[in-house]
Amino acid sequence: MSSPDPQVRAARNESTPPTVRGPVVAVTGAASGIGALLTERLVASDEIKQVIAIDERRGACEAAQWHILDVRDPAIADKLRGADVVVHLALDLDLETDAAARTAYNVRGTQTVLTAAAAAGIHRVVLCTSAMVYGALPDNELPLSEDAELRATAEATGVGDLLEIERLARRAPRAHPGLNVSVVRPAVLVGGTDTALTRYFESPRLLVVADSRPAWQFCHVEDLCSALEYVVLEKAEGELAVGCDGWLEQEQVEELSGIRRMELPSAVALGAAARLHRIGLTPSPAGDLAYTMYPWVVSGSRLHDAGWRPRWTNEEVLAELLGEVSGRHTVAGRRLGRKDATAAGAAGATVALLGAAAVVRRARKARRRI
């Protein structure tokens, strides 16, 4: 039999797409937020063979293979079979979610994914927490190395969950020999996010606690996704911090934002914040204030050593954040409607916070007289 004509062979080769030798990646929480962005990014990558998307609802990425289920369902092990690496992004860090329900979802979900990955024969899992796990403390080095001790407490929103996820990550390789777990810890995340730290910039005044030493470092979600892709492709591993290079002092933030400060003694600010949260007027506990008082800037040296670089600067991310929150009005972490915001107006977030606390005290005294 004669061999095919060279032109025929060439035409066949052109019509056959090249075989991608990269990994099959499973992404949990793939329908929204960071999970959706990462799914789209991985699907578009020439270095990724296939993306398995897992969530409780189907997302917009048609090129991914979708499985619809709760990550706490042990059946997820069957859905993960065939994957080489899992990126677990199904976390609930919503300020408005009941704290107990949030913890139950976050911790149980992570436990299930780690166990399911091991059962499915997967050797690598990537988790995402936050640089908040280092804690915001007055004696923190600037910047912190990835090896710095995790000194955070559970007093800030969601940080207790993140610390437990970190503990699960460290225990998993011992419980499941052969399982490699990497943890990515972003700085203040910006880009369609809603956290106590992004809401800080929705206030008419920036609360500054007297004698504090704030240092602001941001991380754009696009940079986080590119860092996660780096880890997926085994260009970096282990415990990795990610953020913009360097940081901004409080004075720089005020100059760039054009928002003036309102300064208060520590005892006054923390006491009022604690009272308002305790009676349910604000979603943010007093522990959130520490992250606006003291530095928790990270070096990101491991990703840098691996060749990764952020595309965004702190100045650029702050500008994007200010654009996102424009028109929103928040006092002490509580988002206000237009009428409430007008009333609070120039009084500033701190004045409103203290005013609310005073109202609560007066109401309590009135009840005692009855």
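Residues numbered from 1 in each chain as written. Predicted model: local features only at pLDDT ≥ 70, side-chain atom pairs only at ≥ 80, totals over all residues. Heavy atoms only, no water.

J.: A description of the overall build of the protein should follow, citing residues and the corresponding values.
T.: Within the protein one finds 13 helices and 15 strands. Burial analysis of the protein (370 residues in total) assigns 51% to the buried set. Contacts in the protein between residues far apart in sequence, at least 24 positions, make up 77% of those at least 6 positions apart. Counting every atom, the protein has about 17500 Å² of accessible surface; 51% of that belongs to carbon and sulfur. (Helix = DSSP H or I, 4+ residues; strand = E, 2+ residues; numbered from the N terminus. Buried < 20%, exposed > 50% of the residue type's maximum accessible area, 1.4 Å probe, protein only. Contact = heavy atoms within 4.5 Å. Areas by Shrake-Rupley, 256 points an atom, 1.4 Å probe, with all protein chains shown as cover.)

J.: Give me the lowdown on the pairing of strand S5 (residues 124-128), citing residues and values where you can.
T.: Along S5, five of the five residues are buried, which leaves the element largely enclosed by surrounding structure. Burial of the side chains of S5 extends over both faces: Arg124, Val126 and Cys128 are buried on one face and Val125 and Leu127 on the other. Examined bridge by bridge, strand S4 (residues 85-88) and S5 share four bridges and lie parallel to one another. If you follow His88 over to S5, its bridge partner there is Leu127. For the crossover that starts at S4, traverses helix H4 (residues 99-119) and ends in the parallel S5, the hand is right-handed. When S5 meets strand S6 (residues 180-186), the two strands line up parallel, connected through five bridges. Note on S6: the bridge partner recorded for Val125 is Val181. Crossover S5 to S6 through helix H5 (residues 159-175) is right-handed. (Pairing = 2+ DSSP bridges. Right-handed = clockwise from strand over helix to strand, strands pointing away.)

J.: Provide a residue-level description of the sheet that holds S5, including the pertinent values.
T.: If you walk across this open sheet you meet the seven strands as S3-S2-S1-S4-S5-S6-S11, and the pairing is parallel. The sheet is open, and its two edges are formed by strand S3 (65-68) and strand S11 (239-242), each paired on a single side. This sheet shows a mean twist of 20° between the axes of neighbouring strands, independent of strand direction. Looking at chain direction, strand S1 (residues 24-28) and S4 are connected through four bridges and run parallel. What sits directly across from Ala26, in S4, is Val86. (Axes fitted to C-alpha atoms, helices over the stretch in contact; angles between N-to-C directions.)

J.: Mind laying out the packing of aromatic side chains, listing which residues take part and the relevant values?
T.: Counted by the stated rule, this structure contains six aromatic pairs. When the centroid spacing of 5.2 Å and the interplanar angle of 85° are considered together, the rings of Tyr200 and Phe201 count as edge-to-face. Classification of Tyr200 as buried rests on a relative accessible area of 9%. Residue Phe201 is classed as buried on the basis of its relative accessible area, which comes to 3%. (Phe/Tyr/Trp six-rings, centres within 6.5 Å; stacked < 30°, edge-to-face > 60°.)

J.: Tell me about the environment of Val298, and name the residues and values.
T.: As for its position among the elements, Val298 is in the loop between helix H9 (266-278) and helix H10 (301-305). By relative accessible area, Val298 is classed as buried at 4%. Taking the C-alpha atoms as reference points, Val298 and Glu141, 157 residues apart in sequence, are found 9.0 Å from one another. If sequence neighbours within four positions are ignored, Val298 has contacts with Ala131, Tyr134, Pro143, Leu144, Gln217, Ala241 and Val242.

J.: Quick one: what's the story with the packing of helix H2 (residues 33-44) against helix H7 (residues 221-232), residue by residue and with numbers?
T.: Look at H2 against H7: their axes get within 10 Å of each other, and the N-to-C directions meet at 55°. Classed by the angle they form, the pair H2 and H7 counts as oblique. By crossing handedness, the relation of H2 to H7 is classed as right-handed. Where H2 approaches H7, its residues Ile34, Leu37, Leu38, Arg41 and Leu42 are matched on the opposing element by Val221, Glu222, Leu224, Cys225, Ser226, Leu228 and Glu229. Of the residues belonging to the contact of H2 with H7, the class tally is eight nonpolar, one polar and three charged. (Parallel < 35°, antiparallel > 145°, perpendicular 65-115°, else oblique. Left-handed = near helix turned anticlockwise from the far one by under 90°. Nonpolar A, V, L, I, M, F, W, Y, C, P; charged D, E, K, R; others polar.)

J.: Go over the environment of Asp161 with me, naming the residues and quoting the values.
T.: Looking at the secondary structure, you find Asp161 in helix H5. When the C-alpha positions of Asp161 and Ala104 are compared, they lie 8.9 Å apart, and in sequence the two are 57 residues distant. Setting aside residues up to four positions removed in sequence, Asp161 forms contacts with Arg102, Thr103 and Asn106. At 2.6 Å, the side chain of Asp161 forms a polar contact with the side chain of Thr103. (Polar contact = N/O pair within 3.5 Å; in protein donor to acceptor, adjacent residues only side chain to side chain.)

J.: Which residues make up the nonpolar core, and what are the values?
T.: Within the largest apolar cluster, 73 residues are counted, with the highest numbers of intra-cluster contacts made by Leu80, Phe201, Trp216, Phe218 and Tyr291. For this core, the leading source of residues is H5, giving seven residues. Among residues more than four places away in sequence, those in contact with Phe218 are Ala187, Val188, Val190, Phe201, Gly243, Cys244, Leu248, Asn314, Val317, Leu318 and Leu321. (Core = buried A, V, L, I, M, F, W, Y, C linked by side-chain atoms within 4.5 Å.)

J.: How would you sum up unusual backbone geometry? Please name residues and give values.
T.: Residue Pro143 follows Leu142 across a cis peptide bond; omega there is -5°. For Pro143, the position within the fold is in the loop between S5 and H5. For Asp211, which is not a glycine, the phi torsion comes out positive at approximately 65°. Position of Asp211 among the secondary structure elements: in the loop between strand S8 (206-209) and strand S9 (215-216). A residue is classified by how much of its surface remains accessible, and Asp211, at 79% relative accessible area, is exposed. Phi angles above zero are rare outside glycine, and Glu234 is one such case at about 60°. On the secondary structure map, Glu234 appears in the loop between H7 and S11.

J.: So what about the pattern of salt bridges? Which residues, and what values?
T.: The tally for this structure, following the rule as stated, stands at 18 salt bridges. In this structure, Arg81 and Asp78 form a salt bridge, with 3.5 Å as the shortest nitrogen-oxygen distance. Judged by its relative accessible area of 52%, Asp78 falls in the exposed class. A cluster of three or more residues bridged by salt bridges with shared partners is formed by Glu166, Arg170, Arg185 and Glu239. (Salt bridge = Lys/Arg side-chain N within 4 Å of Asp/Glu carboxyl O.)

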